[in-house]
Amino acid sequence: MRSRWIVTLLAAALSAASLAACGAGGGDAPGSAHATVVATTTQVADLARAVAGDRADVRQILQPNSDPHEYEPRPSDVGEVAGAGVVLRSGGDLDAWLDGVLRNAGSDARIVTLIDAMTTRRGEGEADPHWWQNPRNAIVAVREIRDALISADPGGHAAYTANAAAYAARLRGLDRAIASCMRAIPTAKRKLVTDHDALGYYADRYGIEVVGTVIPALSTQAQASAGAVARLVRTIRAAGVSTIFPESSVNAKLTRAIARDAGATVGPALYADALGPQGSAGETYIGSLRFNTRALAAGFTGAAGRCQL
(Lines give C-alpha, C1' and ligand atoms only; values in the text may rest on other atoms or scores of the structure.)
Protein backbone atom coordinates (compact mmCIF):
# COMPACT_ATOMS: atom_id res chain seq x y z
CA MET A 1 0.00 0.00 0.00
CA ARG A 2 2.84 2.37 0.85
CA SER A 3 4.45 1.85 -2.59
CA ARG A 4 1.14 2.57 -4.35
CA TRP A 5 0.80 5.73 -2.28
CA ILE A 6 4.28 6.92 -3.33
CA VAL A 7 3.51 6.24 -6.99
CA THR A 8 0.23 8.14 -6.67
CA LEU A 9 1.94 11.11 -5.07
CA LEU A 10 4.59 11.16 -7.76
CA ALA A 11 1.88 11.15 -10.38
CA ALA A 12 0.31 14.12 -8.62
CA ALA A 13 3.57 16.05 -8.37
CA LEU A 14 3.36 17.52 -11.88
CA SER A 15 -0.17 18.70 -11.21
CA ALA A 16 0.92 20.14 -7.87
CA ALA A 17 3.82 21.98 -9.46
CA SER A 18 1.45 23.43 -12.03
CA LEU A 19 -0.87 24.62 -9.26
CA ALA A 20 2.03 26.26 -7.47
CA ALA A 21 3.20 27.98 -10.63
CA CYS A 22 -0.28 29.28 -11.43
CA GLY A 23 -0.98 30.52 -7.87
CA ALA A 24 -0.30 34.19 -7.19
CA GLY A 25 2.12 34.76 -4.30
CA GLY A 26 2.16 31.17 -3.05
CA GLY A 27 -1.58 30.66 -2.88
CA ASP A 28 -2.91 34.22 -2.98
CA ALA A 29 -5.21 34.91 -5.89
CA PRO A 30 -6.87 38.21 -6.76
CA GLY A 31 -9.77 38.80 -4.39
CA SER A 32 -8.78 35.91 -2.11
CA ALA A 33 -7.40 35.89 1.42
CA HIS A 34 -4.00 37.48 1.88
CA ALA A 35 -2.32 34.16 2.72
CA THR A 36 -3.07 30.47 2.38
CA VAL A 37 -2.16 28.25 5.33
CA VAL A 38 -2.14 24.45 5.38
CA ALA A 39 -2.23 22.73 8.78
CA THR A 40 -1.66 19.01 9.24
CA THR A 41 -3.89 18.27 12.24
CA THR A 42 -7.31 19.35 13.42
CA GLN A 43 -5.91 21.01 16.55
CA VAL A 44 -3.27 22.99 14.68
CA ALA A 45 -5.84 24.09 12.10
CA ASP A 46 -8.17 25.36 14.82
CA LEU A 47 -5.38 27.33 16.50
CA ALA A 48 -4.41 28.75 13.11
CA ARG A 49 -7.96 29.87 12.36
CA ALA A 50 -8.09 31.71 15.67
CA VAL A 51 -4.97 33.67 14.70
CA ALA A 52 -5.82 34.10 11.02
CA GLY A 53 -9.35 35.39 11.47
CA ASP A 54 -10.67 36.61 8.12
CA ARG A 55 -7.24 37.65 6.90
CA ALA A 56 -5.90 34.21 5.86
CA ASP A 57 -7.39 31.02 4.46
CA VAL A 58 -6.63 28.00 6.68
CA ARG A 59 -6.97 24.51 5.23
CA GLN A 60 -6.47 21.32 7.21
CA ILE A 61 -5.32 17.93 5.99
CA LEU A 62 -6.68 15.66 8.72
CA GLN A 63 -10.42 15.43 9.23
CA PRO A 64 -12.36 15.28 12.53
CA ASN A 65 -12.11 12.04 14.52
CA SER A 66 -9.33 10.76 12.24
CA ASP A 67 -6.21 9.05 13.57
CA PRO A 68 -3.09 11.03 12.57
CA HIS A 69 -0.86 8.04 13.32
CA GLU A 70 -2.62 5.99 10.63
CA TYR A 71 -3.07 8.69 7.97
CA GLU A 72 -2.16 7.97 4.35
CA PRO A 73 -1.67 11.22 2.37
CA ARG A 74 -3.74 11.86 -0.75
CA PRO A 75 -2.75 13.50 -4.04
CA SER A 76 -4.99 16.43 -3.12
CA ASP A 77 -2.76 17.07 -0.10
CA VAL A 78 0.15 17.66 -2.47
CA GLY A 79 -1.88 20.24 -4.35
CA GLU A 80 -2.89 22.02 -1.14
CA VAL A 81 0.70 22.23 0.08
CA ALA A 82 1.96 23.34 -3.32
CA GLY A 83 -0.33 26.37 -3.19
CA ALA A 84 0.36 27.35 0.43
CA GLY A 85 2.33 30.28 1.75
CA VAL A 86 2.64 28.70 5.21
CA VAL A 87 2.57 25.03 6.22
CA LEU A 88 1.98 24.27 9.90
CA ARG A 89 2.86 20.82 11.16
CA SER A 90 2.28 19.53 14.66
CA GLY A 91 5.58 17.64 14.74
CA GLY A 92 7.07 14.40 15.98
CA ASP A 93 6.00 11.11 14.47
CA LEU A 94 2.38 12.24 14.61
CA ASP A 95 2.53 13.80 11.14
CA ALA A 96 5.84 12.50 9.82
CA TRP A 97 3.90 11.55 6.67
CA LEU A 98 4.05 15.23 5.68
CA ASP A 99 7.69 14.79 4.58
CA GLY A 100 6.65 12.89 1.47
CA VAL A 101 3.96 15.45 0.67
CA LEU A 102 6.47 18.30 0.92
CA ARG A 103 8.97 16.55 -1.36
CA ASN A 104 6.36 15.99 -4.03
CA ALA A 105 4.78 19.42 -3.73
CA GLY A 106 8.01 21.28 -4.42
CA SER A 107 6.68 24.09 -2.27
CA ASP A 108 8.64 27.14 -1.16
CA ALA A 109 6.19 27.75 1.69
CA ARG A 110 7.36 28.64 5.17
CA ILE A 111 7.31 25.37 7.15
CA VAL A 112 6.68 25.67 10.89
CA THR A 113 7.06 22.59 13.10
CA LEU A 114 5.28 23.55 16.30
CA ILE A 115 6.70 20.87 18.56
CA ASP A 116 10.15 22.46 18.08
CA ALA A 117 8.98 25.42 20.20
CA MET A 118 7.78 23.21 23.08
CA THR A 119 9.43 21.81 26.17
CA THR A 120 8.53 18.21 25.48
CA ARG A 121 7.94 15.36 27.86
CA ARG A 122 9.57 12.02 27.15
CA GLY A 123 7.83 8.72 26.55
CA GLU A 124 9.34 5.45 25.37
CA GLY A 125 12.66 7.21 24.87
CA GLU A 126 11.23 9.79 22.45
CA ALA A 127 9.45 13.12 22.59
CA ASP A 128 5.73 12.83 23.25
CA PRO A 129 4.07 14.51 20.22
CA HIS A 130 0.75 15.30 21.97
CA TRP A 131 1.90 18.73 23.21
CA TRP A 132 -1.50 20.45 22.68
CA GLN A 133 -3.03 18.59 25.63
CA ASN A 134 -1.52 21.32 27.82
CA PRO A 135 -3.12 24.72 27.04
CA ARG A 136 0.12 26.46 27.98
CA ASN A 137 1.73 24.76 25.00
CA ALA A 138 -1.14 25.93 22.82
CA ILE A 139 -0.29 29.50 23.84
CA VAL A 140 3.27 28.91 22.62
CA ALA A 141 1.89 27.51 19.36
CA VAL A 142 -0.30 30.56 18.88
CA ARG A 143 2.77 32.79 19.09
CA GLU A 144 4.59 30.66 16.52
CA ILE A 145 1.60 30.74 14.18
CA ARG A 146 1.26 34.51 14.60
CA ASP A 147 4.90 35.06 13.66
CA ALA A 148 4.65 32.76 10.64
CA LEU A 149 1.57 34.55 9.32
CA ILE A 150 3.16 37.97 9.82
CA SER A 151 6.23 36.79 7.91
CA ALA A 152 4.07 35.56 5.02
CA ASP A 153 1.72 38.55 5.11
CA PRO A 154 3.36 41.59 6.74
CA GLY A 155 0.33 43.73 5.97
CA GLY A 156 -1.68 41.63 8.41
CA HIS A 157 0.63 42.33 11.37
CA ALA A 158 -1.97 44.24 13.40
CA ALA A 159 -4.76 41.73 12.75
CA TYR A 160 -2.68 38.66 13.51
CA THR A 161 -1.22 40.23 16.65
CA ALA A 162 -4.63 41.23 17.98
CA ASN A 163 -6.20 37.85 17.16
CA ALA A 164 -3.34 35.95 18.81
CA ALA A 165 -3.50 38.07 21.96
CA ALA A 166 -7.26 37.64 22.31
CA TYR A 167 -7.09 33.88 21.80
CA ALA A 168 -4.13 33.47 24.18
CA ALA A 169 -6.19 35.23 26.86
CA ARG A 170 -8.97 32.68 26.33
CA LEU A 171 -6.44 29.84 26.63
CA ARG A 172 -5.07 31.24 29.89
CA GLY A 173 -8.60 31.40 31.26
CA LEU A 174 -9.22 27.80 30.16
CA ASP A 175 -6.02 26.66 31.84
CA ARG A 176 -7.00 28.33 35.13
CA ALA A 177 -10.48 26.79 35.00
CA ILE A 178 -9.19 23.26 34.35
CA ALA A 179 -6.59 23.57 37.11
CA SER A 180 -9.25 24.77 39.57
CA CYS A 181 -11.53 21.90 38.64
CA MET A 182 -8.86 19.25 39.10
CA ARG A 183 -7.62 20.72 42.40
CA ALA A 184 -11.10 20.20 43.80
CA ILE A 185 -10.81 16.44 43.19
CA PRO A 186 -8.81 14.43 45.77
CA THR A 187 -5.43 13.39 44.42
CA ALA A 188 -6.15 9.73 45.12
CA LYS A 189 -9.09 9.82 42.73
CA ARG A 190 -7.22 11.39 39.81
CA LYS A 191 -6.24 8.12 38.12
CA LEU A 192 -6.42 7.83 34.36
CA VAL A 193 -6.65 4.94 31.90
CA THR A 194 -7.11 5.73 28.19
CA ASP A 195 -6.69 4.02 24.82
CA HIS A 196 -3.08 5.10 24.26
CA ASP A 197 -0.54 7.42 25.85
CA ALA A 198 -1.97 10.66 24.45
CA LEU A 199 -2.86 12.66 27.58
CA GLY A 200 0.50 12.80 29.28
CA TYR A 201 0.85 16.58 28.96
CA TYR A 202 -2.63 17.08 30.39
CA ALA A 203 -1.90 14.67 33.23
CA ASP A 204 1.41 16.34 34.06
CA ARG A 205 -0.13 19.81 34.05
CA TYR A 206 -3.13 18.98 36.25
CA GLY A 207 -1.74 16.42 38.69
CA ILE A 208 -3.29 13.25 37.26
CA GLU A 209 -1.71 9.81 37.57
CA VAL A 210 -1.71 7.82 34.33
CA VAL A 211 -2.26 4.31 35.66
CA GLY A 212 -2.01 2.66 32.26
CA THR A 213 -3.15 2.64 28.65
CA VAL A 214 -4.87 0.02 26.52
CA ILE A 215 -2.20 0.46 23.84
CA PRO A 216 1.01 0.93 25.83
CA ALA A 217 2.57 3.41 23.41
CA LEU A 218 2.56 7.01 22.18
CA SER A 219 1.21 5.81 18.82
CA THR A 220 -1.96 3.90 18.02
CA GLN A 221 0.05 1.87 15.50
CA ALA A 222 1.37 -0.24 18.37
CA GLN A 223 -0.63 -3.22 19.61
CA ALA A 224 -1.28 -4.59 23.07
CA SER A 225 -0.19 -8.16 23.77
CA ALA A 226 -2.37 -10.55 25.71
CA GLY A 227 0.07 -10.33 28.61
CA ALA A 228 -0.04 -6.52 28.61
CA VAL A 229 -3.83 -6.57 28.64
CA ALA A 230 -3.91 -8.98 31.57
CA ARG A 231 -1.43 -6.81 33.50
CA LEU A 232 -3.51 -3.71 32.80
CA VAL A 233 -6.65 -5.40 34.13
CA ARG A 234 -4.81 -6.28 37.34
CA THR A 235 -3.43 -2.74 37.62
CA ILE A 236 -6.87 -1.20 37.18
CA ARG A 237 -8.31 -3.38 39.91
CA ALA A 238 -5.42 -2.72 42.29
CA ALA A 239 -5.53 1.05 41.73
CA GLY A 240 -9.29 1.21 42.19
CA VAL A 241 -9.85 2.89 38.83
CA SER A 242 -13.59 3.18 38.31
CA THR A 243 -13.76 4.58 34.77
CA ILE A 244 -11.74 3.87 31.61
CA PHE A 245 -11.81 6.44 28.84
CA PRO A 246 -11.78 5.50 25.15
CA GLU A 247 -10.74 8.02 22.49
CA SER A 248 -12.82 9.40 19.66
CA SER A 249 -10.39 8.34 16.91
CA VAL A 250 -9.69 4.80 18.19
CA ASN A 251 -11.85 1.68 18.05
CA ALA A 252 -13.08 1.09 21.61
CA LYS A 253 -13.71 -2.68 21.34
CA LEU A 254 -10.65 -3.69 23.38
CA THR A 255 -11.24 -0.88 25.88
CA ARG A 256 -14.76 -2.14 26.55
CA ALA A 257 -13.48 -5.69 27.06
CA ILE A 258 -10.81 -4.53 29.52
CA ALA A 259 -13.33 -2.45 31.45
CA ARG A 260 -15.65 -5.44 31.69
CA ASP A 261 -12.86 -7.70 33.00
CA ALA A 262 -11.65 -5.08 35.45
CA GLY A 263 -15.11 -4.20 36.75
CA ALA A 264 -14.80 -0.61 35.53
CA THR A 265 -17.15 1.69 33.63
CA VAL A 266 -16.46 2.94 30.11
CA GLY A 267 -16.55 6.73 30.09
CA PRO A 268 -17.26 9.11 27.20
CA ALA A 269 -14.79 9.05 24.32
CA LEU A 270 -12.17 11.75 24.83
CA TYR A 271 -10.80 14.03 22.13
CA ALA A 272 -7.17 12.93 22.18
CA ASP A 273 -5.57 12.84 18.73
CA ALA A 274 -8.26 14.73 16.82
CA LEU A 275 -11.06 17.21 17.30
CA GLY A 276 -14.67 16.26 16.66
CA PRO A 277 -16.96 17.08 13.74
CA GLN A 278 -18.88 20.32 13.42
CA GLY A 279 -21.69 20.48 15.96
CA SER A 280 -19.96 18.20 18.46
CA ALA A 281 -18.64 19.26 21.85
CA GLY A 282 -15.11 18.82 20.53
CA GLU A 283 -15.35 20.72 17.26
CA THR A 284 -12.87 23.32 18.56
CA TYR A 285 -9.66 23.02 20.54
CA ILE A 286 -11.11 24.85 23.54
CA GLY A 287 -14.33 22.85 23.30
CA SER A 288 -12.41 19.57 23.25
CA LEU A 289 -10.52 20.38 26.45
CA ARG A 290 -13.69 21.55 28.17
CA PHE A 291 -15.44 18.30 27.23
CA ASN A 292 -12.50 16.14 28.27
CA THR A 293 -12.23 17.91 31.62
CA ARG A 294 -15.91 17.52 32.43
CA ALA A 295 -15.80 13.85 31.41
CA LEU A 296 -12.68 13.12 33.44
CA ALA A 297 -13.99 14.91 36.53
CA ALA A 298 -17.23 12.92 36.39
CA GLY A 299 -15.34 9.68 35.86
CA PHE A 300 -12.89 10.33 38.70
CA THR A 301 -15.61 11.24 41.20
CA GLY A 302 -18.69 9.46 39.91
CA ALA A 303 -20.55 12.79 39.97
CA ALA A 304 -21.62 14.45 36.74
CA GLY A 305 -21.50 18.24 36.61
CA ARG A 306 -18.49 18.44 38.90
CA CYS A 307 -16.73 20.91 36.60
CA GLN A 308 -18.47 23.93 35.14
CA LEU A 309 -16.20 25.20 32.37
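Before any of the text, the structure's been laid out above.
In this text, all values refer to a predicted model and were calculated from it rather than measured experimentally.

### Overview of helix α5 (residues 135-152)
Each full turn of the α-helix corresponds to 3.6 residues, which orients residues three or four apart in the same direction.
Here's step 1: Under the 1.5 Å per step criterion, the end-to-end length of α5 is 26 Å for 18 residues, consistent within 8% with the ideal 26 Å.
Here's step 2: By the burial criterion, the buried members of α5 are Pro135, Asn137, Ala138, Ile139, Val140, Ala141, Val142, Ile145, Ala148, Leu149 and Ile150.
Here's step 3: Backbone nitrogen of Arg136 and a side-chain oxygen of the N-cap are separated by 2.9 Å at the start of α5; the cap is Asn134.

### A word on the state of the cysteines
Here's step 1: Scanning the entire structure with this criterion turns up 1 disulfide.
Here's step 2: A sulfur-sulfur distance of 1.3 Å marks the disulfide that ties Cys181 to Cys307. Handedness of the Cys181-Cys307 disulfide follows from its S-S torsion of about 45 degrees: it is right-handed. In this pair, Cys181 sits in helix α6 (residues 157-183) while Cys307 sits in the segment after α10 (285-301), placing the two residues 126 residues apart along the sequence. This pair shows no difference in class: Cys181 is buried, exactly as Cys307 is.

### Considering the pattern of salt bridges
Here's step 1: One pass over the full model with this rule turns up 11 salt bridges.
Here's step 2: Ionic pairing is found between Arg55 and Asp153, a salt bridge with its closest N-O pair at 2.7 Å. Taken together, the positions of Arg55 in the loop between α2 (42-52) and β2 (56-60) and Asp153 in the loop between α5 and α6 put the pair 98 residues apart, joining distant regions of the chain.
Here's step 3: Among the residues examined, Asp153 registers a relative accessible area of 6% and is labelled buried.
Here's step 4: Overlapping salt bridges, with partners in common, bring together Asp57, Arg59 and Glu80 in one network.

### Digging into the nonpolar core
Here's step 1: Within the largest apolar cluster, 59 residues are counted, with the highest numbers of intra-cluster contacts made by Leu47, Leu88, Trp131, Met182, Tyr202, Tyr285 and Leu296.
Here's step 2: Here this core gets 10 residues from one element, more than from any other, and that element is α6.
Here's step 3: Apart from the residues within four sequence positions on either side, Tyr202 is in contact with Gln133, Ile178, Met182, Ile208, Leu289, Thr293 and Leu296.
Here's step 4: Of all hydrophobic cores here, the second largest spans 14 residues; its members include Val38, Val78, Ala82 and Trp97.

Reading the values: the criteria
Residues numbered from 1 in each chain as written. Predicted model: local features only at pLDDT ≥ 70, side-chain atom pairs only at ≥ 80, totals over all residues. Heavy atoms only, no water. Helix = DSSP H or I, 4+ residues; strand = E, 2+ residues; numbered from the N terminus. Expected span 1.5 Å × (residues − 1). Buried < 20%, exposed > 50% of the residue type's maximum accessible area, 1.4 Å probe, protein only. Polar contact = N/O pair within 3.5 Å; in protein donor to acceptor, adjacent residues only side chain to side chain. Disulfide = S-S within 2.5 Å. Salt bridge = Lys/Arg side-chain N within 4 Å of Asp/Glu carboxyl O. Core = buried A, V, L, I, M, F, W, Y, C linked by side-chain atoms within 4.5 Å. Contact = heavy atoms within 4.5 Å.

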